[in-house]
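Listed below are the residues making up each chain.
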Amino acid sequence: MTTVLAAEGITVRREPSAVPGSCSERLSGRHAPETVDAALEEAFARARSEHGWQTGPDMGSETLTLVKGNWTVTAGFPGEPAQGVESPVVMSLMCVAGEGSPAAPATPSAPARTPAPVSS
């Protein structure tokens, strides 16, 4: 995930779960508000085409989702930040734990977006 996001200019920090036996991570960073939506969309498309992620369940027009193996990635599109502030980018990675569950997805990548209706 971090590699695909970096290719679109979004640098994130990984925060693995501190709970033993937990199978989750959080990625967080910031990006220019004018291009954050387009950068996220492109990163998600790259994750699907280059890293084998599939579009996840529909969670609404402002939520991104991808699935791969027992992993699910979700992210929400950031709202309008205060003037002069970069937009926050936050993604959650979760897996269905089981014997032999990997600590992270085998290949780095990112989520998919359900297009939002155009507002006037």
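So, how was this worked out
Residues numbered from 1 in each chain as written. Predicted model: local features only at pLDDT ≥ 70, side-chain atom pairs only at ≥ 80, totals over all residues. Heavy atoms only, no water. Helix = DSSP H or I, 4+ residues; strand = E, 2+ residues; numbered from the N terminus. Polar contact = N/O pair within 3.5 Å; in protein donor to acceptor, adjacent residues only side chain to side chain. pLDDT = per-residue confidence, 0-100. Contact = heavy atoms within 4.5 Å. Expected span 1.5 Å × (residues − 1). Core = buried A, V, L, I, M, F, W, Y, C linked by side-chain atoms within 4.5 Å. Buried < 20%, exposed > 50% of the residue type's maximum accessible area, 1.4 Å probe, protein only.

## Details of the side chain of Thr65
- With respect to the helices, strands and loops of the structure, Thr65 is situated in strand β4 (residues 63–68).
- At a separation of 2.9 Å, a polar atom in the side chain of Thr65 contacts the main-chain carbonyl oxygen of Pro57.

## Comments concerning the confidence of the model for the chain
- Across the chain, pLDDT averages 79, with 78% of residues at or above 70.
- Predicted confidence in the chain is weakest over strand β7 (residues 112–113), with a mean pLDDT of 40, and strongest over strand β3 (residues 54–55), with 95.
- Within the model, pLDDT remains below 50 along residues 99–104, and this stretch shows 12 contacts once partners closer than five positions in the same chain are excluded.
- Across residues 106–120, confidence stays below pLDDT 50; counting only partners more than four residues off in sequence or on other chains, it has 53 contacts.

## Comments concerning helix α2 (residues 36–51)
- Over its 16 residues, α2 extends 21 Å from the first C-alpha to the last, a length consistent with the 22 Å expected when each residue adds 1.5 Å.
- Two residues or fewer past α2, Gly52 is found with a positive phi of approximately 80°.

## Points about the environment of Thr74
- As for its placement among the helices and strands, Thr74 is situated in strand β5 (residues 71–76).
- In the structure, Thr74 is positioned 48 residues away from Arg26 in sequence and 9.8 Å away in space, judged by C-alpha atoms.
- Apart from the residues within four sequence positions on either side, Thr74 is in contact with Met59, Leu64, Thr65, Val90, Met91, Ser92 and Met94.

## Some points on the nonpolar core
- Counting residues in hydrophobic clusters, the biggest one holds 24 residues, and the most contacted among them are Leu5, Leu40 and Met91.
- Taken together, the elements giving at least two residues each to this core come down to α1 (2–7), α2, β4, β5 and β6 (87–95).
- Top contributing element to this core by residue count: α2, with 6 residues.
- Beyond its immediate chain neighbours, meaning those up to four positions away, Leu40 contacts Leu5, Ile10, Leu64, Phe77, Pro78, Val89 and Met91.

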